[in-house]
Amino acid sequence: MALPSGRVAWLITAHDQVRQVLASPHVSSDRGRDNFPIRFKQPDPEITEKFKEFRPSLIGVDPPFHTRLRRSVITEFTVRRTRELRPRVQEIVDGAVDDLLESGKDGRPVDLVAKVSLPVPSMVICELLGVPYADHDFFQDRTATLISFKRAPEDGLKAFHDLGDYFRDLVARKEKAPTDDLIGRLIVAGRENGDHDSEELVGLAQLLLIAGHETTANMISLGTVALLEDPEQLRALREDPDTLMPKAVEELLRFFTIADTVTARTATADIEVGGITIRAGEGLIASGLAANRDPHAYPEPDSLDITRNARNHVAFGYGVHQCLGQNLARLELDIVYRTLFGRVPGLTLAVPAESLSYKDEALVYGINEVPVTW
Ligand code: HEM
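Residues numbered from 1 in each chain as written. Predicted model: local features only at pLDDT ≥ 70, side-chain atom pairs only at ≥ 80, totals over all residues. Heavy atoms only, no water.

An account of the site of the ligand is requested, with residue identities and associated values reported.
If you check the shell around the ligand, you find 29 residues, and the closest are H66, R70, R265, H321 and C323. H321 places a side-chain nitrogen or oxygen 2.6 Å from an oxygen atom of the ligand. For the shell around the ligand, the element with the most residues is helix α11 (residues 198–228), which contributes 7 residues. Across the shell around the ligand, the residue classes break down as 19 nonpolar, 8 polar and 2 charged. (Near = heavy atom within 4 Å. Polar contact = N/O pair within 3.5 Å; in protein donor to acceptor, adjacent residues only side chain to side chain. Helix = DSSP H or I, 4+ residues; strand = E, 2+ residues; numbered from the N terminus. Nonpolar A, V, L, I, M, F, W, Y, C, P; charged D, E, K, R; others polar.)

Spelled out as structure tokens, the structure:
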């Protein structure tokens with residue numbers, strides 16, 4: 001297929017083939033490769049060169065460097081570590097829902113995105129990394145610019161620069177006096193192992209902040225709207241959240257697959273996929289959304305069914321780059337949906353669902369505003 005950037009790439013859509021290519025050792029995530037399937041419209045060669053000045057982090061690097069970098073941070077995101085965060089995440093969610101209820105107590109519609117969807121994952125990732133939440137307007141704005149296809153590439157470059165400068169400053173402060181948070185712990189561990197590298201940490205922290213809030217925020221909004229629009233499934237979920245919530249979270253992740261084209265690669269050797277040879281050097285996009293709607297993998301894939309077993313979906317990708325924050329995202333979604341639907345029984349959309357404005361032109365799908373009442 002031809003991309004808005006003018007580049008051409010294979011589009012992989014079958015569930016088994018998407019998993020096959022993402023698990024292959026013969027694909028590269030390096031955005032700097034000539035044929036890498038960049039989607040952005042006609043990148044100016046000068047801007048493309050400028051982007052190359054940035055040292056890519058985890059998501060854009062290949063083994064063995066990727067393996068070392070991922071190993072340095074994986075212990076922060078294990079199932080056990082994430083489970084320990086549950087009480088604090090619950091407190092954050094309760095605080096956000098309190099704020100929602102307070103803002104709408106006169107009966108006027110309140111924006112769920114501003115009160116719950118964005119603040120919850122932003123606060124969680126800020127606490128984890130050791131980033132002051134007070135700076136949320138700054139980093140939410142720069143992230144939104146960075147992932148939007150509507151914005152000029154110069155704006156994206158500027159947003160990336162701004163975030164880089166912000167983290168350079170933050171890392172420098174923590175290097176002087178390491179704090180007990182992810183960035184501080186990585187500084188201490190890096191010094192002990194003799195491999196501390198400030199710029200590498202800047203890139204990693206920046207990636208974690210970007211990936212850690214916008215994605216989950218969009219899933220909170222989309223999942224809430226989908227369930228509000230499906231009263232029967234919502235009633236079942238409210239009656240038995242302990243059984244149904246884990247399944248509902250997986251099904252919503254499958255159904256929306258919000259980061260469906262980040263799983264782009266360049267083949268580094270010829271790969272045979274479904275009887276076709278993708279030649280070394282050719283670009284490919286392993287579409288998570290197509291895979292998660294593949295009827296061979298999921299019967300009636302276009303129906304949202306919170307009782308189905310959607311666990312093997314690829315909404316978090318597959319293979320070595322599979323989402324580092326998936327346990328955290330699952331935890332946040334579970335707590336937000338439980339708390340919101342549990343504490344606000346009369347929650348309803350204040351406008352028809354068809355009139356909501358969706359993020360169609362962005363790397364990550366979502367909704368801009370969700371006015372609700374109760
Ligand atoms: C990677 C989706 C939440 C951090 C990925 C990938 C996908 C994805 C599809 C694979 C990219 C690739 O293969 O090239 C999502 C979705 C989320 C979510 C749908 C929420 C519902 C998070 C959170 C964090 C996070 C909360 C941080 C705490 C990362 C990182 C990577 C990644 C660091 C790169 C991992 C690597 O390259 O080794 N995510 N993500 N994500 N995600 Fe997430």
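An account of unusual backbone geometry is needed here, citing residue identities and associated values.
Omega for the bond connecting P63 with P64 falls within 30 degrees of zero, at 5°, which places this linkage in the cis form. Tracing the chain through its elements places P64 in the loop between α2 (45–52) and α3 (65–74). One non-glycine residue, T257, adopts positive backbone phi at about 35°. Structurally, T257 is set in the loop between α13 (241–256) and β4 (264–267). A positive phi angle, near 45°, is found at E300, a position not held by glycine. Tracing the backbone shows E300 in the loop between α14 (288–292) and α15 (326–343).

Just give me the short version of the environment of R68, but keep the residues and values in it.
Inspection of the secondary structure assignment puts R68 in helix α3. Classification of R68 as partly exposed rests on a relative accessible area of 34%. In this structure, the C-alpha to C-alpha distance between R68 and L58, residues 10 residues apart in sequence, is 9.6 Å. (Buried < 20%, exposed > 50% of the residue type's maximum accessible area, 1.4 Å probe, protein only.)

With reference to specific residues and values, describe the sheet that holds strand β2 (residues 27–28).
Ordered in space as β1-β7-β4-β2, the 4 strands form an open sheet in which the pairing is mixed. Where the open sheet ends on each side, the last strands, each with one partner, are β1 (9–12) and β2. Examined bridge by bridge, β1 and strand β7 (residues 283–286) share 4 bridges and lie parallel to one another. Within β7, the position partnered with W10 by the bridge is L284. Helix-sheet contacts for helix α1 (residues 15–23) involve β1, β2, β4 and β7, and the interaxial angle to β7 is about 125°. (Pairing = 2+ DSSP bridges. Contact = heavy atoms within 4.5 Å. Axes fitted to C-alpha atoms, helices over the stretch in contact; angles between N-to-C directions.)

I'd like a description of the packing of aromatic side chains, backed by residues and values.
In this structure the tally under the stated criterion is 4 aromatic pairs. Between Y166 and F167 the ring centres are 5.4 Å apart and the planes differ by 85°, which places this aromatic pair in the edge-to-face class. By relative accessible area, Y166 is classed as buried at 14%. Pairwise contacts between aromatic rings join F138, Y166 and F167 into one cluster. One Lys or Arg, R254, reaches over the ring of Y298 and ends 5.1 Å from the middle of that ring. The ring centre of F255 lies 4.3 Å from the NZ or CZ of R293, which sits over that ring. (Phe/Tyr/Trp six-rings, centres within 6.5 Å; stacked < 30°, edge-to-face > 60°. Lys NZ or Arg CZ within 6 Å of the ring centre and 35° of its normal.)

Account for the side chain of D294, with residues named and values stated.
With respect to the helices and strands, D294 occurs in the loop between α14 and α15. Although D294 is buried, it forms no salt bridge, and the closest oppositely charged side chain is R254 at an N-O distance of 9.6 Å. From its side chain, D294 meets the backbone nitrogen of H296 in a polar contact 2.8 Å long. In contact with D294, not counting residues within four places along its chain, are A14, H15 and P301. (Lys, Arg positive; Asp, Glu negative; His and termini not counted. Salt bridge = Lys/Arg side-chain N within 4 Å of Asp/Glu carboxyl O.)

Taken by themselves, the reported measurements are silent on function.
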